Structure formats: structure tokens, C-alpha cells
Amino acid sequence: MAAEEQAGSMIFEPMKQFTLKSLFGGDIHWYTPTNATLWMALAVLAIIGLLILGTRKRAIVPSRTQSVAELAYGFVHSMVEDVAGKEGLKYFPYIMTLFIFIVFSNFLGLIPMSFSTTSQIAVTVVLALLVFVSVTLLGFYLHGMKFLGLFWVSAAPLPLRPVLAIIEVISYFVRPVSHSIRLAGNVMAGHAVIEVFATFAGAILIAPLAMVGIIAMFGMDVLVAFIQAYVFTILTCVYLKDALHPSH
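Below: a short report on this structure. Note that the coordinates shown come from a computational prediction; the quantities given were computed from them, not determined experimentally.

### Section: the layout of surface pockets
A volume near 660 Å³ is recorded for the largest pocket. Every residue lining the largest pocket is counted, 24 residues in all, and those nearest its centre are Gln17, Pro112, Met113, Ser114 and Glu195. Looking at the lining of the largest pocket, the elements with two or more residues in it are helix H2 (35–53), helix H6 (161–200) and helix H7 (207–244). The greatest single-element share of the lining of the largest pocket, amounting to four residues, is contributed by H6. Of the residues in the lining of the largest pocket, the class split is 12 nonpolar, seven polar and five charged.

### A closer look at the packing of helix H4 (residues 92–108) against H7
Interhelical geometry of H4 versus H7 gives an angle of 160° and a closest axis separation of 9 Å. It follows that H4 is roughly antiparallel to H7 by the angle criterion. With respect to the hand of their crossing, H4 and H7 are arranged in right-handed fashion. Across from Ile95, Leu98, Phe99, Ile102, Val103, Asn106 and Phe107 in H4, the residues of H7 making contact are Val222, Ala225, Phe226, Gln228, Ala229, Tyr230, Phe232, Thr233, Thr236, Cys237 and Leu240. Tallied by class, residues from the contact of H4 with H7 come to 14 nonpolar, four polar and no charged.

### Brief notes about the environment of leucine 51
Tracing the sequence through the fold places leucine 51 in helix H2. Counting along the chain gives 59 residues from leucine 51 to leucine 110, while the straight-line C-alpha distance between them is 21 Å. Leaving out residues up to four positions away in the same chain, leucine 51 has contacts with Ala69, Met96 and Ile100.

### Details of the pattern of salt bridges
Scanning all chains against the criterion turns up two salt bridges. Among the salt bridges present, the one from lysine 86 reaches glutamate 81, with a minimum N-O distance of 2.7 Å. Here arginine 175 and aspartate 242 are joined by a salt bridge, their closest N and O atoms 2.6 Å apart. With arginine 175 in helix H6 and aspartate 242 in helix H7, this pair connects stretches of sequence that are 67 residues apart.

### Quick look at the nonpolar core
If you look at the biggest cluster of nonpolar residues, it comprises 43 residues, and the most contacted ones within it are Val76, Ile102, Leu127, Tyr172 and Phe232. Once you skip the residues sitting within four places of it in the chain, isoleucine 102 turns out to touch Thr118, Leu127, Leu183, Ala229 and Phe232.

### Some details on the packing of aromatic side chains
A complete count under the given rule lists 11 aromatic pairs for this structure. Ring centres of phenylalanine 75 and phenylalanine 226 lie 5.7 Å apart, and the angle between their planes is 45°; on these two criteria the pair is classed as tilted. Note that phenylalanine 75 is positioned in helix H3 (residues 64–84) and phenylalanine 226 in helix H7, a separation of 151 residues in sequence. Assessed through its relative accessible area of 36%, phenylalanine 226 is described here as partly exposed. Following the ring pairs from residue to residue traces out a cluster consisting of Phe132, Phe140, Phe147, Phe151, Tyr172 and Phe173.

Procedures and definitions
- Residues numbered from 1 in each chain as written.
- Predicted model: local features only at pLDDT ≥ 70, side-chain atom pairs only at ≥ 80, totals over all residues.
- Heavy atoms only, no water.
- 1 Å grid on protein atoms, 1.4 Å probe; cavity = no way out; pocket = protein on both sides within 12 Å on 5 of 7 lines; lining within 4 Å.
- Points joined across faces, edges and corners; volume = space filled by probe spheres on them.
- Helix = DSSP H or I, 4+ residues; strand = E, 2+ residues; numbered from the N terminus.
- Nonpolar A, V, L, I, M, F, W, Y, C, P; charged D, E, K, R; others polar.
- Axes fitted to C-alpha atoms, helices over the stretch in contact; angles between N-to-C directions.
- Parallel < 35°, antiparallel > 145°, perpendicular 65-115°, else oblique.
- Left-handed = near helix turned anticlockwise from the far one by under 90°.
- Contact = heavy atoms within 4.5 Å.
- Salt bridge = Lys/Arg side-chain N within 4 Å of Asp/Glu carboxyl O.
- Core = buried A, V, L, I, M, F, W, Y, C linked by side-chain atoms within 4.5 Å.
- Buried < 20%, exposed > 50% of the residue type's maximum accessible area, 1.4 Å probe, protein only.
- Phe/Tyr/Trp six-rings, centres within 6.5 Å; stacked < 30°, edge-to-face > 60°.

Next comes the structure, spelled out in C-alpha cells:
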């Protein structure tokens, strides 16, 4: 009986933490408030607290909150200018919104008993499709049919250009897939590994090693939370640059 109880205690379901749940019970429909809805709302409130309430005084000697907000602003502003050029600064508010939302969602997901919204492929797909559709429409709006020059590698030998054009088209339409899966997959993987280590922490013999693993993976997740937001944002800047300057 004791052996069965010990075996039962070692059963773990690392993917259960990513299950969507209705806040008020019952079935989930498109309009149902869920745990994902709650934590996205908390991320928005945290962003408002940092960027609006934290900078309302605009002191010459900034407070800690104002300093963090200014650092985030300057970081994304430099990224957009360096990758997309000065023309890309026109679209800075949208890119800043993406970056700060993903950062806060990632870090809030590290709180024990929280829910990581960026681990949901439905969330990251919407973010990626918004970028994909926006930059595609922008490219055609600015350049018309000349935007198709993005797929024609004029520097390559003529016989290879049709083949490269097909490859470029395929890679272009794969962008939202890789853009979304990269973010959701990395966030989900880190949380799942921590859950596995936490399960083994209940075993006396391997508890010390499990605790070391939890601490190490949590530290790694902190880095991943920022790095994945950075990667998503800088890829957005690259796609924006293609829309502004489509010719090879």
C-alpha cells in the first residue's frame, strides 16, 4: 500500500499547468473569461502602472519606476532605429507595445501559481499574425507591386532566380509560424522542466539535486522571459525593414 502511495506521489503532469480554465466554471466559449484572460488583464494593468502611473511626475531625477520605464523606452527605440532605420520609428509605438506586453506576460508567468499566457499558441499566433498581416499590407501600400521584389533575388544568377523566388515565398509565409512557435515553445519548455524538477523534489534521496535543478531552471527562465521578448521584437523590426525596403 505504501509503495502504491509513493508511486502515486511521483506521478506528474508537467503540461497540466497550461490548461485553460474558466474563471467561473462551466464550458469555455470564445466569450468566456479564463485564467489566460485574467493574466493578460494583469499584464495590461502592470504595464499601465509602469508606463503611465510610474512616469506621471516626469521628474528630472527619476524614481526607480520612471528609470525602468525610460530604459525600456530607450532600449526598444534604439532597436527599431538600428534595424528598421529612421523610417521605422514611425511604427515605434506598435513595436513598443508588443515588446512590453510580451515581457510582462513572460515575467508574470514566473510567479508561483500564475498562468503563463505566452505559453498559449493561440496568443502567440495572434501576435505573430498581427505583425505578418501589418507588414505585408504596409509593403504593398508603400510600394505596390514592387513589394514583390522582396522575393526576387536580383543578385543571383538568372537561372537560379525562379528557384530562389519560390524558396523566398515559402519562407515568407512560414514567418508567422516560426514567429509564434518560437515564443510559445521556449516559454512552455522552461515551465514544464521546472514542474518536472518540482515533482522529484518530493523524493528524499534526490530532493537536493531537484532543488538545485529548480533554482537553475528558474534562473534560466528569467533570462528566457526577456530574451524571447527581445527575439520576437527584433524579428518584427526585421520584417518591418523588409516592408520598408523590399528590394534585394
